Every structure is written in C-alpha cells, then in structure tokens.
Amino acid sequence: MAQLWGGRFTRETDKLVYNFNASVSFDKKFYRQDIEGSIAHVVMLEKQGILTKEEKDEIVKGLTGIRQDVENGVLQITEEYEDIHSFVEANLIERIGEAGKKLHTGRSRNDQVALDMRLYTRAEVLAADELLKELLETLLHIMEENIETYMPGFTHLQKAQPVTLAHHIGAYFEMFKRDRLRLRDIYGRMNYCPLGAGALAGTTYPLDRYYTASLLGFEAPTLNSMDSVSDRDYVIEFLSALSTIMMHLSRFCEEIIIWNSNEYRFVEIDDSYATGSSIMPQKKNPDIAELIRGKTGRVYGALISILTTMKGIPLAYNKDMQEDKELTFDAIDTVKGCLALFEGMVRTMKFNRQIMEKSAMMGFTNATDAADYLVGKGVAFRDAHGIIGKLVLYCIDKKCSIDDMTIEELKSISPVFSEDIYEKISLKTCVEKRLTVGAPGSEAMRRVIQLEKEYLTGDWYHEMGIPESLS
Ligand code: ARG
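What you see is a predicted model; the values in this text were computed from it and never measured.

Calculation rules
- Residues numbered from 1 in each chain as written.
- Predicted model: local features only at pLDDT ≥ 70, side-chain atom pairs only at ≥ 80, totals over all residues.
- Heavy atoms only, no water.
- Core = buried A, V, L, I, M, F, W, Y, C linked by side-chain atoms within 4.5 Å.
- Buried < 20%, exposed > 50% of the residue type's maximum accessible area, 1.4 Å probe, protein only.
- Helix = DSSP H or I, 4+ residues; strand = E, 2+ residues; numbered from the N terminus.
- Contact = heavy atoms within 4.5 Å.
- Axes fitted to C-alpha atoms, helices over the stretch in contact; angles between N-to-C directions.
- Parallel < 35°, antiparallel > 145°, perpendicular 65-115°, else oblique.
- Left-handed = near helix turned anticlockwise from the far one by under 90°.
- Near = heavy atom within 4 Å.
- Polar contact = N/O pair within 3.5 Å; in protein donor to acceptor, adjacent residues only side chain to side chain.
- Areas by Shrake-Rupley, 256 points an atom, 1.4 Å probe, with all protein chains shown as cover.
- Disulfide = S-S within 2.5 Å.
- Pairing = 2+ DSSP bridges.
- Patch = residues over 30% accessible without salt bridge, like charges linked within 9 Å, V, L, I, M, F, W, Y side chains within 5 Å.
- Salt bridge = Lys/Arg side-chain N within 4 Å of Asp/Glu carboxyl O.
- pLDDT = per-residue confidence, 0-100.
- Expected span 1.5 Å × (residues − 1).

### Thoughts on the nonpolar core
And step 1. Counting residues in hydrophobic clusters, the biggest one holds 97 residues, and the most contacted among them are Ile 59, Phe 87, Leu 139, Phe 176, Leu 249, Phe 342 and Met 345.
And step 2. It is helix H10 (residues 233-259) that provides the largest number of residues to this core, a total of 16 residues.
And step 3. Apart from residues no more than four positions distant in its own chain, Met 345 is found in contact with Cys 253, Ile 256, Ile 269, Tyr 273, Ile 288 and Ala 289.
And step 4. Residues Ala 371, Leu 391, Cys 395 and Met 405 belong to the second largest nonpolar core, which totals 21 residues.

Written as structure tokens, this is what we have:
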C-alpha cells in the first residue's frame, strides 16, 4: 500500500478500507493527462521562482520517462498505489529523488484530479465530435445517392405520405448535427483550468494560473477555487450529450431493425455486420443494431448515476466525487464504439429501392394529395377528406390502390374527378410537388444537401450552426 499521507496515522489502513477507497484500477486511464498536468504545473512553478530550473528539468525528465515507460509496457500501473496521482509521484521520487518531492508544491489532489478529468473529457468531446462528423459524411453520401428513392413516410408506424430515402436519412443528419453543436457548446464551457485551486482555498504560493491554463490549452483559469474542485457539471453535460447521441442512434437502429425484417425488406444489412443463429440456419440477425439500441441504457445510467451522486454534495471536494469516473469512462467508450460500428453498418447496408418504392405506392400514401386534388377543383377540404375516405374503403374492399381505379369508378364516387387525377396523385408528383424548405421534393432536397455539404466543410457555419439562407 503506497500512500501519500501516512504521517498523521499510527495504524495501517484496513485492507478492505484501502481497496474500497482506492481508485487506481480506473483512474490509471488518465495517466497521460496526470503527467501532462504535472509538467505544466512545474514549468509554471519554475517561471514563478518557486522551483529552480534544475529541479524543474529533473522533474520534467522524470515525468516524461514515466510516461514513456508506461507506454512501452516497461512500467506497470499496479494496485499497490492508491490512485494514479500517488503512482506518478511515488515513481518520480524513486527515479529522481529529492526534486521529485517538490512536484506537489502548491497543489492538492483535489485540483489535480479536477484537472485530469477535465483534460480527459475535453479530448473525448473532440473524439466524439470527429466520429459524428464521419457519420454525417456517410449519411450525406447516402442522401445524395437517394434523392429520388421514393419510400413511405410513417406516422404511428402507419404509412402516411410518400417521402424519399434522402429525406428520411436527412432527418437523422439534423439530429447528429445538433449533437455536434452540443459538444461544441460543452467544449467552450468546460475549457477553463481548475489547477491552482489547491484543496479548496487556493494557495499562498504566487502561482500564475493564467500561465498554467495557457500551457494546457485552456481559455483561462476557473474563477472560484471551491467551485473548481467540486464542479463536475461538464461531466454531466457531456453524459447528457452522449445520452442524446445514443437516443438518436437507438431510434435509427430501431428503424433499421424494422426495415431489415422479413416483412419490410427495405434494407439488407451486410453480412459483415450481421450474425447468425446457432439453431436456425436461415437466420441473419441485426445484432449490431440491437446492441446499439440496448447499450443506450447504460449510457443513460451513467448520466443518472452522476446526477444522483452530485446532488447532495456540500462544498467543496468530497470523496463521493471519485464516483464520477468509472461510468463516465464506460459511457464514453460505449458511445465511441457505437458510433464507429453504426457508421460502418449504414455505409455497407444495401437499400432495396424497388421494395421501398412499391411500399410507397401501396397503403394510400397519396390520399392527402387526392383530397388536395379535389380542393383544387373547388371542393371544400372537409368534404374532400370524406370523399377520399370513401374511396379508400372501396379500394380496401377491391384490394387495389387509388391509382388502379378506372375513371368511371372514380366518377361514381365523385363526379369532380377527371383524367388528370392519375398524374396529380402519382408517387412522383406527390413527392416532387413538396418543395418548401425541408420538404422531400428533389429540388428542395438538393438545396438542403448543398447547405449540409457547406456545413461539413465548415465554410459558412457560424456559432449557432444556422445557415444564412435559412435564418
Ligand atoms: N481519487 C480521488 C478522486 O478521484 C482523487 C482526489 C483525492 N482527494 C482527496 N482529498 N482524497 O476524486
């Protein structure tokens, strides 16, 4: 048991207590950030005349050596240390002796861990953003290829009105785009350096917190030392954004599972992203989509866990906060894994265009347009709605679609119908007439795709992500 605080104690910590309290098994994940923060700290200490140049050089060399040895597997981070901070400091002292004992001058593990967690999370915000960007590129590619792939649009999982595959995928494009905005927003808010807050009340050493902050790429230092060591808002915000990403992925997965079912066959998941059954030879299961949908639960769990942990904590640091790590790390890894897998799954998925189009032709997705046709001929909408309702009943009985009815049949229900009805309610017309911003008609869709392209290359994209032409 290697502890930093033995001086005040006369008896060894109980083994169970030690294990319960220790965090090295999981906080070793941010050993790089811990070392990076320590290097910035000593560079600042030297600038302020608190350490000599020789001491600083020795410490930086020692810390760099530890990082290299851990990376090469020469040095193992073992459970005999209480946490990653103790591991690094103990190793440093072992390596360089006296100078190593000065590393922790003007610092507490409270501001140290606050920094490590922030550095770790900050990098992961960017990593998640990058994965989202790749997914958006894949989605945009599918959209471009499917501007005229007609399919039914649904409400209540009942066929409603025809749309296109580009339009349907475009809805998810918007969701993931908002997810990126959230990450960007969180990044900006979290990018302040807590180091120098000490245990809770700052320190008496003349630290230059602005300098440390700039060395670590932060906007500025945090402005209240008690808040600095006890703030985990950024973890909560990140987990909330990750939960929303999972909710979006899960909804998309749910649709893919439905589309991939024997009844729909809108898509076929590539063999490399599907699995078989041990007993039923014919099966090809959408396990990856199901697993992503399923893993959404554990990411929500992490969010609820940290919210609950934080809700009763008085200022400033309390050990409860050590619970911020394991589930957060798990959630981050889960979301990153899901994003990468999902991107591959949709990129390799085959869309059965004919089946989608055929499905859009059935199920009376042009009923609204047929009613609008009557309105165009002077019938009041409510009456038109009633007439088309009757027509649908007639078709259900005859097992045909509105387009299959002869003009005589149509006229027998309403004399207002004439030959132009067929063209007016064709699948193509129903989609292509919808040309307002955000609608599925090809021309409207092409304009949106152009805007999304510009967004992805980042030209016009301003802070709120709203294109000039739409605002
Ligand atoms: N392992 C601790 C954590 O994760 C580090 C901070 C320890 N501070 C303390 N006062 N015991 O929060």
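Having seen it, we continue.
### Quick look at the packing of H10 against helix H12 (residues 326-348)
And step 1. Close contact between H10 and H12 brings their axes to 10 Å; oriented N to C, the two are set at 30°. By the angle between their directions, the pair H10 and H12 is classed as roughly parallel. The interaxial crossing formed by H10 with H12 has left-handed handedness. For the pair H10 and H12, contact is made by Val 235, Phe 238, Leu 239, Leu 242, Ile 245, Met 246, Leu 249, Phe 252, Cys 253 and Ile 256 and by Thr 328, Ala 331, Ile 332, Val 335, Cys 338, Leu 339, Phe 342, Met 345 and Val 346, respectively.

### Structural notes on the environment of Ala 360
And step 1. Here Ala 360 shows up in helix H13 (residues 353-361).
And step 2. Measuring from C-alpha to C-alpha, the distance between Ala 360 and Val 163 comes to 8.3 Å, with 197 residues separating the pair along the chain.
And step 3. For Ala 360, the contacting residues outside a window of four places in its chain are Tyr 150, Met 151, Pro 152, Thr 365 and Leu 427.

### Some thoughts on the site of the ligand
And step 1. Taken together, Ser 23, Asp 27, Asp 83, His 85, Arg 109, Asn 110, Val 113, Tyr 317, Lys 319, Gln 322 and Lys 325 form the complete shell of residues around the ligand.
And step 2. A distance of 2.4 Å is found between an oxygen atom of the ligand and a side-chain nitrogen or oxygen belonging to Tyr 317.
And step 3. Within the contact set of the ligand, a nitrogen atom lies 2.7 Å away from a side-chain nitrogen or oxygen of Gln 322.
And step 4. Protein contacts shield 86% of the accessible area of the ligand, which totals 340 Å² for the unbound molecule.
And step 5. No other element matches the 3 residues that helix H6 (residues 109-145) contributes to the shell around the ligand.

### Topic: the state of the cysteines
And step 1. Counted under the stated rule, the structure contains 0 disulfides.
And step 2. With no disulfide of its own, Cys 338 has Cys 253 as its nearest cysteine by sulfur position, at a separation of 7.8 Å.

### Examining the pairing of strand E2 (residues 158-164)
And step 1. In terms of strand pairing, strand E1 (residues 150-155) meets E2 through 6 bridges, oriented antiparallel. Within the sheet, the bridge partner assigned to Tyr 150 lies in E2 and is Thr 164.
And step 2. The loop that links E1 with its antiparallel partner E2 comprises 2 residues; one of these, His 156, has a positive phi angle of about 55°.

### Focus on a nonpolar patch on the surface
And step 1. A cluster of nonpolar residues, Leu 200, Met 226 and Leu 315, forms a patch on the protein surface that exposes about 260 Å² of accessible area.
And step 2. Mapped onto the elements of the fold, Leu 315 is located in the loop between helix H11 (287-310) and H12.

### A look at the confidence of the model for the protein chain
And step 1. For the protein chain, per-residue confidence averages 94 on the pLDDT scale, and 97% of positions sit at 70 or higher.
And step 2. Confidence drops under pLDDT 50 across residues 459-471; counting only partners more than four residues distant or on other chains, this segment forms 21 contacts.

### Quick word on H11
Count 3.6 residues to each turn of an α-helix, and residues three or four apart come out pointing the same way.
And step 1. In this model, H11 (24 residues) spans 35 Å end to end at C-alpha, consistent with the 34 Å of a helix rising 1.5 Å per residue.
And step 2. Burial in H11 covers these residues: Ile 288, Ala 289, Ile 292, Thr 296, Val 299, Ala 302, Leu 303, Ile 306, Thr 309 and Met 310.

### Observations concerning the environment of Ser 243
And step 1. Along the chain, Ser 243 falls in helix H10.
And step 2. Residue Ser 243 is classed as buried on the basis of its relative accessible area of 6%.
And step 3. Considering only alpha carbons, one finds Ser 243 and Ala 302, 59 residues apart in sequence, at a separation of 8.9 Å.
And step 4. Not counting residues up to four positions away in its chain, the partners in contact with Ser 243 are Val 299, Tyr 300 and Leu 303.

### Overview of the pattern of salt bridges
And step 1. If you walk through the whole model with that rule in mind, you get 35 salt bridges.
And step 2. Here Glu 98 and Lys 101 are joined by a salt bridge, their closest N and O atoms 2.9 Å apart.
And step 3. Take Glu 98: its relative accessible area is 57%, and that puts it in the exposed class.

### A word on the environment of Leu 126
And step 1. The residue Leu 126 is located in helix H6 in this model.
And step 2. In this structure Leu 126 comes out as partly exposed when scored by relative accessible area, which is 47%.
And step 3. Through-space distance from the C-alpha of Leu 126 to that of Tyr 187 is 8.2 Å; in sequence the pair is 61 residues apart.

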